[in-house]
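For reference, the chains in residue letters:
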Amino acid sequence: MKKIRHVYIYGILRFFFILFDVIPRNAALFLGKLLGIAVYRFSRTARDVAFENVQYLHPTVENNSTRRMLVIRNFTNIGRNLADALRLMKYRNGSLNRIVRIKNGNNIRELLNRKKGLIVVTAHLGCWELIPAYFSQIGYNVNVIAQEVYDRNVNRVINRIRESFSVRVIDKDRSPIVALKRLLRGEAVGILIDQNTRKNSVPVEFLGREANAPIGPAYLAMKTGAPVVPVAIHRLQDDIHLLEVGKEIEILNTGDEQKNICINTRRCSKAIERYIVKYPDEWVWSLRRWG
């Protein structure tokens, strides 16, 4: 049954991958919005998880009507961001700046000039696949640590898009050794740190609840001396994506390694949490972040 579902999902993904490639962007975004609404209406599991998670956002999300509007906007935004992600290969000719603007981009250049590499932490917020593609297109050596998704065919589509922008994918199971080597060569390594993981993680407070956060960024920074910076992307009203580069995260590196890892992991998590609170419409609330 699971294999049949995977084939079904892959077929839908391939259909939209081809369709979005041949129709204008405005039409693709409109269809993406409809796709998001369809998932909201027909995927009870995703909808229920999103509602459960949203209630922990902050005190202003305090009634069912407000939560429902936030979740509906969230699903439609995810659909629109999926449309842009699947159309990404149309911008391989150096034209990604047509749909992406950057804020505080000099922070990246200044940190990379230290010649110690750069660790970029981000979240499943906005059209996050645009982040490594954009930085690679403007001349940086970019790597992303990624875990294979549930289906090999879907994974192949995702990696094909990334590799078309010369973004190198580091398998999560081999990430410590490979990432260390890339950082020591002065390259950038991007890591999504908002997933619930029990392996190589420590507990942090995330949006008011305890969750597990990966220790990878803290470990790599402490081993290499590479600076760590939070980055997030979100959609503006004119459908341009604004890529925001935050301030460098201060990494504690004293004699107590375990304590340092815990403190530094919490600092990384808190840095991306601020973006989620700022742009709640675009975080993937249907992720099982807690529990």
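This section reports on the structure supplied with the text. (Residues numbered from 1 in each chain as written. Predicted model: local features only at pLDDT ≥ 70, side-chain atom pairs only at ≥ 80, totals over all residues. Heavy atoms only, no water.)

1. Things to note about the layout of surface pockets
Okay, step 1: In this model, the second largest pocket occupies a volume close to 200 Å³.
Okay, step 2: Lining the second largest pocket, in full, are Pro230, Glu244, Gly246, Lys247, Ile249, Arg267, Ala271, Arg274, Tyr275 and Lys278.
Okay, step 3: For the lining of the second largest pocket, the element with the most residues is helix α10 (residues 257-278), which contributes five residues.
Okay, step 4: Along the lines of polarity and charge, the residues of the lining of the second largest pocket split into four nonpolar, one polar and five charged. (1 Å grid on protein atoms, 1.4 Å probe; cavity = no way out; pocket = protein on both sides within 12 Å on 5 of 7 lines; lining within 4 Å. Points joined across faces, edges and corners; volume = space filled by probe spheres on them. Helix = DSSP H or I, 4+ residues; strand = E, 2+ residues; numbered from the N terminus. Nonpolar A, V, L, I, M, F, W, Y, C, P; charged D, E, K, R; others polar.)

2. Details of the sheet that holds strand β4 (residues 168-171)
Backbone hydrogen bonds are what pair the strands of a sheet, in a parallel or an antiparallel way.
Okay, step 1: Pairing is mixed across the open sheet formed by seven strands, whose spatial order is β1-β9-β8-β2-β5-β3-β4. Unpaired on one side and paired on the other, β1 (100-103) and β4 mark the two borders of the sheet. The mean angle between the axes of side-by-side strands here comes to 25°, regardless of whether they run parallel or antiparallel.
Okay, step 2: One ladder, built from five bridges, connects strand β8 (residues 228-235) with strand β9 (residues 241-245); its direction is antiparallel. Note on β9: the bridge partner recorded for His234 is Leu242.
Okay, step 3: Lying over the sheet, helix α9 (residues 216-224) contacts β2 (118-122), β3 (142-146), β5 (188-192) and β8, oriented at roughly 165° with respect to β2. (Pairing = 2+ DSSP bridges. Axes fitted to C-alpha atoms, helices over the stretch in contact; angles between N-to-C directions. Contact = heavy atoms within 4.5 Å.)

3. Comments concerning the packing of helix α8 (residues 175-184) against α9
Okay, step 1: Remark: α8 packs on α9, axes separated minimally by 10 Å, with the N-to-C direction vectors making an angle of 45°. Compared by their axis directions, α8 and α9 come out oblique. Our pair here, α8 against α9, has a crossing hand that is right-handed. Within the contact between the two elements, α8 uses Pro176, Ala179, Leu180, Leu183 and Leu184 and α9 uses Leu220, Lys223 and Thr224.
Okay, step 2: Residues belonging to the contact of α8 with α9 are distributed by class as follows: six nonpolar, one polar and one charged. (Parallel < 35°, antiparallel > 145°, perpendicular 65-115°, else oblique. Left-handed = near helix turned anticlockwise from the far one by under 90°.)

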